[in-house]
Amino acid sequence: MAAGAAAGAWVLALSLWGAVVGDQNVTARIGKPLVLNCKGAPKKPPQQLEWKLNTGRTEAWKVLSPEGGPWDSVARVLPNGSLLLPAVGIQDEGTFRCRAMSRDGKETKSNYRVRVYQIPGKPEIVDPASELMAGVPDKVGTCVSKGGYPAGTLSWHLDGKTLTPDGKGVSVKEETKRHPETGLFTLRSELMVTPARGGAPHPTFSCSFSPGLPRRRALHTAPIQLRVWEPVPLEEVLLVVEPEGGAVAPGGTVTLTCEAPAQPPPQIHWIKDGLRTREPTVVWPPIPAMGPRRAMLSASASSKQARRGQLQVRGWINSERSRQTSA
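Okay, so let's go over this structure. Note that the coordinates shown come from a computational prediction; the quantities given were computed from them, not determined experimentally.

Attention shifts here to the overall build of the protein chain. A tally of regular secondary structure across the protein chain gives three helices and 27 strands. Here the protein chain, with 327 residues, has 39% of them falling under the buried criterion. Total accessible area on the protein chain stands at roughly 18400 Å², and carbon and sulfur atoms take up 53% of it.

Here is the structure:
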């Protein structure tokens, strides 16, 4: 009686989707019990029925005995003819079939296609930027989703609208990893953007996770709002490279000094190979009240840079006056 009642309860809890034409598509949450009904089977013994399955646990069709056996911990036939999977897992995805004969000799077949799912934790944006530079490609952040199945997808949004990578102003680098033991997925999506000059000064970015199954709601990160600086190139900017020309041996150090004779003191950004560096800029003290502001950036040269013979770096200067205007 208790098993029959439990079976009825779990059938009501099943999430069904898709067209039911001969087959029933069933989704079940990983780790939860799943009950499949054998249609047409008498509710009490004696019964004439056969359950067989073809899943990730089997190499071919496996026939289950109603009397029980070594598979009882994975799937067993209940007294009412239903099939119970005590804790469904990824390996249980597949096809389940039951053939039952009623007492009046009528044969009924039941066919189920089972998929499993696991809802991941809420996605988050890690290593977010605090500001961007107009006209310069820069990393906004990395969106991470952990512990989901199936893999699903990550999407980026700007001011509530979906961002579509175009390879120019918007690019996304994606990575999908699967845990070797649990089979659950971790997704990472790194967003790079090039803000347009004269665009919104405070854009809002967010990321969402969409499950790989229908009728499942997307999960959203908390939004982040960044400040976009408008670069103001100054004519009298001096860039000094030491050693001269930037030619160093592998492992050597090249020092770049940028001087900007502007008042109020400007903010200095470094750009290497078209991308703004995340390394902190060192400002030389003391700064004379009316003198130039200097910023120094040191980097160890790799063998690739040594072969090229120079390290190419440009400095963009953002004046304090423009920053006050944008605030």
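On we go.
Let's shift gears to the pairing of strand E4 (residues 48–55). Burial of the side chains of E4 is restricted to one face: Leu 49, Trp 51, Leu 53 and Thr 55 are buried, whereas none of Gln 48, Glu 50, Lys 52 and Asn 54 on the reverse face is. Where E4 and strand E8 (residues 94–101) come together, eight bridges link them in antiparallel fashion. In the sheet register, Leu 53 faces E8, and the bridge partner there is Phe 96. Where E4 and strand E5 (residues 62–64) come together, three bridges link them in antiparallel fashion. What sits directly across from Trp 51, in E5, is Leu 64. Connecting the antiparallel pair E4 and E5 is a turn made up of six residues.

The subject of this paragraph is the sheet that holds strand E12 (residues 138–148). On the basis of which strands lie adjacent, the open sheet formed by four strands has the order E10-E12-E16-E15 and antiparallel pairing. Strand pairing shows two members of the sheet lacking a second neighbour, strand E10 (124–126) and strand E15 (170–178), which therefore form its edges. Geometrically, the sheet is characterised by an average inter-axis angle of 25 degrees between neighbouring strands, direction not taken into account. Pairing of E10 with E12, which is carried by three bridges, proceeds in the antiparallel orientation. Note that in E12 the partner of Glu 124 across the bridge is Val 144.

In this structure, the second largest pocket spans a volume of roughly 220 Å³. Contributing to the lining of the second largest pocket are 14 residues, with Leu 158, Pro 195, Ala 196, Pro 203 and Phe 205 lying nearest its centre. For the lining of the second largest pocket, the class distribution of residues is ten nonpolar, three polar and one charged.

You can see Ser 110 is positioned in strand E9 (residues 107–117). With a relative accessible area of 4%, Ser 110 lands in the buried category. Here Lys 39 takes part through its backbone nitrogen, which lies 3.0 Å from a polar atom of the side chain of Ser 110. When near neighbours in sequence (up to four residues on either side) are disregarded, Ser 110 contacts Asn 37, Cys 38, Lys 39, Phe 96, Arg 97 and Cys 98.

Our next topic: the sheet that holds strand E6 (residues 76–77). Strand order in the open sheet made by the three strands is E3-E7-E6, with antiparallel pairing throughout. The sheet is open, and its two borders are formed by strand E3 (34–36) and E6, each paired with just one other strand. One ladder, built from three bridges, connects E3 with strand E7 (residues 83–85); its direction is antiparallel. Looking at E7, one finds that Val 35 is bridged to Leu 84.

This part is about unusual backbone geometry. In this structure, Pro 150 follows Tyr 149 across a cis peptide bond, with omega equal to -10 degrees. With an omega dihedral of 0 degrees, the bond running from Glu 242 to Pro 243 counts as a cis peptide bond. Tracing the chain through its elements places Pro 243 in the loop between strand E21 (238–242) and strand E22 (253–260). One non-glycine residue, Asp 127, lies in the positive phi region at around 50 degrees. Classification of Asp 127 by relative accessible area gives partly exposed; the value is 44%. Although it is not a glycine, Asp 159 adopts a positive phi angle of roughly 50 degrees. Among the secondary structure elements, Asp 159 is positioned in the loop between strand E13 (153–158) and strand E14 (161–162).

So, about the environment of Arg 188. On the secondary structure map, Arg 188 appears in strand E16 (residues 185–193). Separated by 13 residues in sequence, Arg 188 and Glu 175 place their C-alpha atoms 5.1 Å apart. If near-sequence neighbours (up to four positions away) are discounted, Arg 188 is found in contact with Val 126, Thr 142, Cys 143, Val 144, Leu 154, Lys 173, Glu 174 and Glu 175.

Our focus in this paragraph is the state of the cysteines. Applying the stated criterion to the full structure yields two disulfides. With a sulfur-sulfur separation of 2.1 Å, Cys 143 is cross-linked through a disulfide to Cys 207. Across the S-S bond of Cys 143 and Cys 207 the torsion is about -90 degrees, and the bridge reads as left-handed. Here Cys 207 lies in strand E17 (residues 204–210) and Cys 143 lies in strand E12, a separation of 64 residues in the sequence. Of the two residues examined, Cys 143 and Cys 207, each falls in the buried class. Once the disulfide-bonded cysteines of the protein chain are ranked by sequence position, their pairing pattern turns out to be 1-2, 3-4.

Conventions used here
Residues numbered from 1 in each chain as written. Predicted model: local features only at pLDDT ≥ 70, side-chain atom pairs only at ≥ 80, totals over all residues. Heavy atoms only, no water. Helix = DSSP H or I, 4+ residues; strand = E, 2+ residues; numbered from the N terminus. Buried < 20%, exposed > 50% of the residue type's maximum accessible area, 1.4 Å probe, protein only. Areas by Shrake-Rupley, 256 points an atom, 1.4 Å probe, with all protein chains shown as cover. Pairing = 2+ DSSP bridges. Axes fitted to C-alpha atoms, helices over the stretch in contact; angles between N-to-C directions. 1 Å grid on protein atoms, 1.4 Å probe; cavity = no way out; pocket = protein on both sides within 12 Å on 5 of 7 lines; lining within 4 Å. Points joined across faces, edges and corners; volume = space filled by probe spheres on them. Nonpolar A, V, L, I, M, F, W, Y, C, P; charged D, E, K, R; others polar. Polar contact = N/O pair within 3.5 Å; in protein donor to acceptor, adjacent residues only side chain to side chain. Contact = heavy atoms within 4.5 Å. Disulfide = S-S within 2.5 Å.

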